[in-house]
Amino acid sequence: MSTISDYENYFKPDEVPVALVKLIEFGATQSGYFSQSFELEIDMEDIGLKTYSEKPEFLDALFTIAQADGTGSSYVIWRQGKALADSPIVAFGSEGGAHVVAENLLGLFRILTLDAEPMIDWGKATYYKPDDAEPSEGAADYAQWLAKNFKLN
């Protein structure tokens, strides 16, 4: 798991959004997943994003913040000329495809309560959780944390 210091170096000269700092702090208290296969992780070299484009204007607008699934898909903040905390979140699939999945970080935080891996392909990003799926180890803690810190249920 990447630390707050790692994110500060990665986001320079921008500041790490406060909501993301709080999530990093929460994640550091967990021994397992709090949402299926979600893991706070940055890609300092933008290796995954460079499979889409190596143009600086493309890479400079994207900040990888987490692993989205167990196969290498990622969640990325897409700078749109506004504060990073208010920028959309894009899911980039390990096998291809990139889709806006949330309007901002808090939107992603809501999605994480589904406790389901995204399925990302060139056509769409979907979330599916079978009825008999076991919750992630920290899912209940995450739901309590989200309600306490952001008043989101």
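Peer 1: Explain the overall build of the protein chain to me, and be specific about the residues and the numbers.
Peer 2: The helix and strand tally for the protein chain stands at six helices and seven strands. Listed by position from the N terminus, the elements making up the protein chain come as α-α-β-α-α-β-β-β-β-α-β-β-α. Overall, the protein chain is about 45 × 30 × 25 Å in size when its C-alpha atoms are taken along their principal axes. Counting all 153 residues of the protein chain, 45% fall into the buried class. Considering only residue pairs separated by 6 or more positions, the protein chain has 50% of its internal contacts joining residues 24 or more positions apart. Of the roughly 8,300 Å² that the protein chain leaves accessible, carbon and sulfur atoms contribute 50%.

Peer 1: Mind laying out the sheet that holds strand β2 (residues 62-67), listing which residues take part and the relevant values?
Peer 2: The strand order β1-β2-β3-β4-β5 describes an open sheet built from five strands, whose pairing is antiparallel. Both outer strands of the open sheet, β1 (39-40) and β5 (98-102), are each paired with one neighbouring strand and no more. Relative to strand β3 (residues 74-78), β2 runs antiparallel, the two being bridged by five bridges. Across the sheet, the residue bridging to Phe-63 is Ile-77, located in β3. Strand contacts of helix α1 (residues 4-11): β1, β2 and β3, with the helix running at about 160 degrees to β2, the strand carrying the most contacts.

Peer 1: Would you mind going over the packing of helix α2 (residues 18-27) against helix α6 (residues 139-150) in detail, with residue names and values included?
Peer 2: Orientation of α2 relative to α6, taken along the N-to-C sense of each, is 145 degrees, at an axis distance of 12 Å. As for the relative orientation of α2 and α6, their crossing is right-handed in sense. Where α2 approaches α6, its residues Ala-19, Lys-22, Leu-23 and Phe-26 are matched on the opposing element by Asp-141, Tyr-142, Trp-145, Asn-149 and Phe-150. Residue composition of the contact of α2 with α6, grouped by class: six nonpolar, one polar and two charged.

Peer 1: Break down α2 for me, citing the residues and quoting the values.
Peer 2: In an α-helix there are 3.6 residues to a turn, and that puts residues three or four apart on one side. Of the positions making up α2, those classed as buried are Ala-19, Leu-20, Leu-23, Ile-24, Phe-26 and Gly-27. Along the axis of α2, the buried positions cluster into a sector of 160 degrees, meaning they face one direction only. At its buried positions, α2 is contacted by α1, β1, β2, α5 (105-112) and α6.

Peer 1: Lay out the environment of Leu-40 with the relevant residues and their values.
Peer 2: Structurally, the position occupied by Leu-40 is in strand β1. On a C-alpha basis, the gap between Leu-40 and Ala-125 in space is 19 Å, while along the polypeptide they are 85 residues apart. Filtering out sequence-adjacent residues up to four positions away, Leu-40 remains in contact with Met-1, Ser-2, Tyr-7, Leu-20, Leu-23, Ile-24, Ile-65 and Ala-66.

Peer 1: So what's going on with the packing of α5 against α6? Residues and values would help.
Peer 2: Look at α5 against α6: their axes get within 10 Å of each other, and the N-to-C directions meet at 150 degrees. By the criterion of interaxial angle, the relationship of α5 to α6 is roughly antiparallel. Considering how the two elements wind past one another, α5 and α6 form a crossing that is left-handed. Counting all contacts with α5, which are made through Leu-106, Phe-109 and Leu-112, the residues of α6 involved are Tyr-142, Trp-145, Leu-146 and Phe-150. Tallied by class, residues from the contact of α5 with α6 come to seven nonpolar, no polar and no charged.

Peer 1: Run through the packing of aromatic side chains, naming residues and quoting values.
Peer 2: Enumeration according to the criterion identifies 16 aromatic pairs in this entry. Geometrically, the ring pair formed by Tyr-142 and Trp-145 is stacked, given 5.7 Å between the ring centres and 25 degrees between the ring planes. One end of the pair, Tyr-142, and the other, Trp-145, are both in helix α6, three residues apart, so they sit about a helical turn from each other. A relative accessible area of 1% means that Tyr-142 is categorised as buried. Their ring planes at 70 degrees and their centres at 5.4 Å tell us that Trp-145 and Phe-150 sit as a pair that is edge-to-face. In this structure, Trp-145 and Phe-150 share a single accessibility class: buried. Chaining the aromatic ring pairs together yields one cluster made of Phe-26, Phe-34, Phe-38, Tyr-75, Phe-109, Tyr-142, Trp-145 and Phe-150.

Here is what the cut-offs are and how they apply
- Residues numbered from 1 in each chain as written.
- Predicted model: local features only at pLDDT ≥ 70, side-chain atom pairs only at ≥ 80, totals over all residues.
- Heavy atoms only, no water.
- Helix = DSSP H or I, 4+ residues; strand = E, 2+ residues; numbered from the N terminus.
- Buried < 20%, exposed > 50% of the residue type's maximum accessible area, 1.4 Å probe, protein only.
- Contact = heavy atoms within 4.5 Å.
- Areas by Shrake-Rupley, 256 points an atom, 1.4 Å probe, with all protein chains shown as cover.
- Pairing = 2+ DSSP bridges.
- Axes fitted to C-alpha atoms, helices over the stretch in contact; angles between N-to-C directions.
- Left-handed = near helix turned anticlockwise from the far one by under 90°.
- Nonpolar A, V, L, I, M, F, W, Y, C, P; charged D, E, K, R; others polar.
- Arc of directions from axis to C-beta.
- Parallel < 35°, antiparallel > 145°, perpendicular 65-115°, else oblique.
- Phe/Tyr/Trp six-rings, centres within 6.5 Å; stacked < 30°, edge-to-face > 60°.

What is shown is where atoms sit, not what they do.
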